[in-house]
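Each chain, letter by letter, is given below.
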Amino acid sequence: MRAPRDRRHLIVGKLPEISAFRPPPRVVRPTPIPAPPSRPAHGRRLAASLEAALRTGSAKRAAAAPQAEAEPVLTIEFESRPGLELNVASLEMQRSGIEVLSVHEIVEADKPTRQVATVRVPEKKIAHFLKRFEKYGRETPRAPGEVRYEDSIDRVNSLRLATLRSLWTDQDDAYPPENRSIWWEVWLRHSTGEEYERFVSFARDRRIRVSERRLVFDDRVVFLAHSTPESLAASVDVLGDLAEVRRAHEATAFFDDLPTVEQADWIRATLRTLTAPPPGAPAVCILDTGVNRGHPMLAPIVRERDVHSVDPKWPSADDGGHGTSMAGLGAYGDLGPILESRGPVVLTHGIESVKILPPQGRNPPELYGAVTALAAATIEAANPQRRRVFSMAVTAPHEFGPGLGAPTLWSAAVDALAAGRSFDSHTNGLTYLDDGSNAAPRLLVVSAGNVSEFHAAHLDRSDATEVEDPGQAWNALVVGACTERSGVLAGDWRGWRGISPPGELSPYSTTSLPFGQEWPIKPDVVFEGGNVGLDNDGASEVGIPELNLLSLHHRPPQRLLTLASGTSAASTQVARLCALVSSDYPELWPETLRALAVHSARWTKAMADRGNAVGKRERLRLLRRYGYGVPDAGRMRRSATDALTLIVQGQIHPFAEGKMREMHLHALPWPREVLASLGAAAASLRVTLSYFVEPNPGRRGWQKRHRYASHGLRFDVMRAAETTLNFQKRVNQAALDEDEKRPRSEGSDNWYFGPKARDRGSIHSDMLEATAADLASRGAIAVYPVGGWWKELPKRDRSALGARYALVISVETPDVAADIWTPVAEAIGIEIS
């Protein structure tokens, strides 16, 4: 019998051993690139194309009456040879103003893929490329050390003057007809700070509408513009500031059967046992349609100053119903069991609300990245000291964008907010409002988005439907839906059944199986989101009470309770769990709350049966469907005598001057003697590493300096047969003496997912089943950096300020009654009563 979870998790305050870090070398054998038939002819042809682009660009700019303050610039499109990728880094020289603006691929049926890079070239720097083409085409013998740029130019098939369509980075078939006005998401370079005003002046002369709301990143400013392609195209030739354009997104049982009077009786009975949260309690902040705080179940926990709108002209009350329903789940979870039990209800967190969706009937395209940033700024200005978990169950399908896991403006804004940037209303920028050393990261819990059509083969449908925007955000805790509500129904729904069997993915849930393999695993976790009914004829029904959760109706005079389902219901419940942990452990960071949610998650039996029947490669596919499983409130909040959880909160400095800087080695307080005494008894180890990256949101190929993530971190665990010194030498080349070879790997680990599956995104979790004696000698864990754009762009590197991370480690001995918690608690100085 397992011991009860009645012990607090142990927070390890001991500092790690910090050492200089250099990753072990990897042998990379590049695939040779076939040369064109004649390099001299190829170089001459490219040079002639560039000179023609210069003549055409200069003429177009003169005809369009250029802005006097705009630098004469050409925007050039480089296209690769079929089946090859461009050497994108070689096309850029930022100190000369030559900058890659965007990268995309041309995919045609039955033809090799071609890659296209759009490059900004100041007219006075055209000679940079002309000189390279001349050197490339030389037929004289090569001098010692002479560079002829073959790896760069061999890959280029053609170049030409770019058009507005060259800067389009959404799906190619979503580009509008020339005479059709649409809302564009306009991305400008951001260098002098005058780019936005310059565009507004240009737009005014051409009757282009420009949104007031905009969002500023370090090197990009983004806003909406309403125009035809023809009118907007002149900005490419005139301004030289346009980096890319995209299309604007548009966000898209028993108690339920009771009459309102009887629902009120049940609610009054529950309120008599309710204990409101204490002063200073954390909150779940609902970003949705608003909240009606007059509901009797919300009145005790939602104050007037807790309810806001991003636009002061909007009423903060909920006119759509979704926000109030989410507030009920965020405060209480599923209300059905609570009303039925009539037991005491003790709340340890409150509810806040910022309305981010306009009142019904007024829903133009919005810059939802800016709206989300403004919502966070609004609630933080109202109560800056309160700890909160943001819950956003508003998503948009990847209707026009490239999808497949690629970042968008909205997901990048979520990542920037999580990393600690704040919305500056004076500059419309996502910036650090101080020097960055006191930045306040945030936990944003985001729904994965819902499947829109249901049928019996629901897993096929979910696997083919990708997580919606902004659910691909690296730093967000993204939640999909599973369900235990199934079986054959009775009463009014006789003959119907739940589409999903118990413990499976809910039919509502989207997945990241369509994502490219380089993008994060999403959802991170799944939670109860209800089921969909199916009859014998294949018809589906979402409104069956037995298959849904119960929450609060937004119009209490008419109705007090309503049904809730889908990934929005699932994500809000997980936000509630995170707030519960925050109330238990006020010192835990947002990175740590996310780590505990993932760390506590387990696949249900139905999920695990699939995972145990396949190898690691197929388990990665299941990770992209189920995430790491279903979070458990008990496991998130407490340890047990036979289930020890250690928490480390650290700050590492990944890079210095474009090189790797340091590694952390954690020698943990470890129940070595107890584990060793258990010998061959079964034991398990779980490790979770969570950190937040800074985003680099432009679509410029996401390689080298244009990688999306500022940095990456990885963990490694000492093996059973290793000494601490050999462990360090295995993971850190800098730990070796001169001419010393790396020690041979002593033993191997059979992690359940393995590094190739888990090392995606900014949270990594894995499990190891072993004997207790094997785990006895594994009390050392290394945390070390991998690449990111901080390393490639030293001038923007924030490593010196430190990059925070949370490391959660659990050891369990499920089959024996052993106390592994107490000796560790005593070792770190906790008094045992």
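Cut-offs and rules
- Each chain carries its own residue numbering, running from 1 in the written order of its sequence.
- Local features in this predicted model are restricted to residues whose pLDDT is 70 or higher, and side-chain atom pairs enter the listing and the counts only when it is 80 or higher, whereas totals over whole chains, interfaces and linings include all residues.
- Hydrogen atoms and water are omitted, and side-chain values are computed over all heavy atoms in the structure.
- Each helix is a run of DSSP H or I of at least 4 residues and each strand a run of E of at least 2, with the numbering of both proceeding from the N terminus.
- The quantity called the radius of gyration is restricted to C-alpha atoms. Its globule counterpart is 2.2 Å times the number of residues to the power 0.38.
- For the exposure calls, accessible area comes from a 1.4 Å probe over protein chains only, and a residue counts as buried if that area is under 20% of its type's maximum, exposed if over 50%, partly exposed in between.
- Using a 1.4 Å probe, accessible areas were evaluated by the Shrake-Rupley method; residue-level cover was limited to the displayed protein chains.
- We count Lys and Arg on the positive side and Asp and Glu on the negative side, and we leave His and both chain ends out.
- For the purpose of locating charges, the reference atoms are NZ of Lys, CZ of Arg, CG of Asp and CD of Glu.
- Pairing between two strands is assigned when DSSP locates at least 2 bridges connecting them.
- Axis angles are defined between N-to-C directions and span 0 to 180 degrees, where every axis is a line fitted to C-alpha atoms and, for a helix, only to the segment in contact.
- By definition in this entry, angles of less than 35 degrees are roughly parallel, angles greater than 145 are roughly antiparallel, angles of 65 to 115 are roughly perpendicular, and the rest are oblique.
- The crossing is said to be left-handed when, going from far helix to near helix, the turn is anticlockwise and less than a right angle, and right-handed when the turn is clockwise.
- Contact criterion: two residues are considered in contact whenever any of their non-hydrogen atoms come within 4.5 Å of each other.
- Side-chain classes follow a simple rule in which Ala, Val, Leu, Ile, Met, Phe, Trp, Tyr, Cys and Pro form the nonpolar group, Asp, Glu, Lys and Arg form the charged group, and the remainder, Gly included, forms the polar group.
- Whenever a nitrogen or oxygen atom comes within 3.5 Å of another N or O atom, the pair is scored as a polar contact, on the condition that within protein one atom can donate a hydrogen and the other can accept it, and that pairs from neighbouring residues in sequence are kept only if both atoms are in side chains.
- Candidate patch residues must exceed 30% relative accessible area and have no salt bridge, after which like charges are joined if within 9 Å and Val, Leu, Ile, Met, Phe, Trp or Tyr side chains if within 5 Å.
- The rule for a salt bridge is simple: a side-chain nitrogen of Lys or Arg has to be within 4 Å of a carboxyl oxygen of Asp or Glu.

Student: Before we move on, could you go through the overall build of the protein and cite the residues and values that matter?
Tutor: Along the protein, the regular secondary structure elements total 23 helices and 38 strands. In terms of overall size, the protein behaves like a compact globule, its C-alpha atoms giving a radius of gyration of 28 Å where 833 residues would be expected to give roughly 28 Å. Relative to its full complement of 833 residues, the protein shows a buried share of 60%. When the accessible surface of the protein is totalled, it reaches about 33400 Å², and 50% of it is carbon and sulfur. Charged side chains of the protein number 102 positive and 103 negative; the gap between the two group centres comes to 4 Å.

Student: So, the pairing of strand β4 (residues 73-80): which residues are in play, and what are the values?
Tutor: Of all the eight residues making up β4, eight are buried; the element is thus mostly covered by neighbouring parts of the structure. Here β4 shows two buried faces, one formed by Val73, Thr75, Glu77 and Glu79 and the other by Leu74, Ile76, Phe78 and Ser80. Here seven bridges tie β4 to strand β6 (residues 114-122), and the two strands are oriented antiparallel to one another. Looking across to β6, one finds that leucine 74 is bridged to valine 121.

Student: A description of the packing of helix α13 (residues 566-584) against helix α14 (residues 590-600) should follow, citing residues and the corresponding values.
Tutor: Following both chains from N to C, one finds α13 and α14 inclined at 120°, their axes separated by 10 Å at the closest point. Here α13 is positioned oblique relative to α14, judged by the angle of their axes. As for the relative orientation of α13 and α14, their crossing is right-handed in sense. On α14, the residues touching Cys578, Val581 and Ser582 of α13 are Leu593, Leu596 and Ala597. Taken together, the residues that form the contact of α13 with α14 break down as five nonpolar, one polar and no charged.

Student: Residue-level account of the environment of aspartate 218, with values.
Tutor: By secondary structure assignment, the location of aspartate 218 is in the loop between β9 (209-216) and β10 (220-227). Expressed as a C-alpha distance, the spacing of aspartate 218 and arginine 189, which sit 29 residues apart in the sequence, is 9.4 Å. Those residues in contact with aspartate 218 that sit more than four places away from it in its chain are His190, Arg421 and Arg796. A polar side-chain atom of aspartate 218 sits 3.0 Å from a polar atom in the side chain of arginine 421.

Student: Let's hear about the sheet that holds strand β25 (residues 533-534): which residues, and what values?
Tutor: Overall, antiparallel pairing links the three strands, which are arranged β22-β25-β26 in an open sheet. In the strand order of this sheet, the two ends are held by β22 (497-498) and β26 (540-541), each with one partner. Of the strand pairs in this sheet, β25 and β26 are connected by two bridges, and their pairing is antiparallel. Residue pairing across strands places leucine 534 opposite serine 540, the latter belonging to β26.

Student: Quick rundown of a positive patch on the surface? Include the residues and the values.
Tutor: A contiguous patch of positive charge on the surface is contributed by Lys124, Lys125, Lys131 and Lys135. Turning to its location among the elements, lysine 125 is positioned in the loop between β6 and α2 (126-136).

Student: Please provide a residue-by-residue account of the environment of isoleucine 499, values included.
Tutor: Considering the arrangement of structural elements, one finds isoleucine 499 in the loop between β22 and β23 (504-505). A relative accessible area of 6% places isoleucine 499 in the buried class. Counting along the chain gives 34 residues from isoleucine 499 to glycine 533, while the straight-line C-alpha distance between them is 5.9 Å. Those residues in contact with isoleucine 499 that sit more than four places away from it in its chain are Phe454, His455, Ala456, His458, Pro507, Asn531, Val532, Gly533 and Leu534.

Student: Tell me about unusual backbone geometry, and please be specific about residues and values.
Tutor: Each neighbour pair has its own omega, and for aspartate 469 with proline 470 the value is 10°, a cis peptide bond. Along the chain, proline 470 turns up in the loop between α12 (458-464) and β21 (477-483). Here the residue pair lysine 522 and proline 523 is connected by a cis peptide bond, since its omega of -5° sits within 30 degrees of zero. Structurally, the position occupied by proline 523 is in the loop between β23 and β24 (525-528). Phi angles above zero are rare outside glycine, and tyrosine 149 is one such case at about 65°. Structurally, the position occupied by tyrosine 149 is in the loop between α2 and α3 (150-153). Note on tyrosine 149: relative accessible area 24%, which makes it partly exposed. Despite not being glycine, arginine 207 shows a phi value in the positive range, around 60°. Here arginine 207 is to be found in the loop between α4 (195-205) and β9.

Student: Outline the environment of histidine 706, supporting the account with residue identities and numerical values.
Tutor: Relative to the helices and strands, histidine 706 resides in the loop between β34 (682-690) and β35 (712-717). Histidine 706 gets classed as buried once you look at its relative accessible area, which sits at 5%. Residues histidine 706 and tryptophan 789 lie 83 residues apart in sequence; the distance between their C-alpha atoms is 6.3 Å.

By themselves, these figures tell us nothing about what the structure is for.
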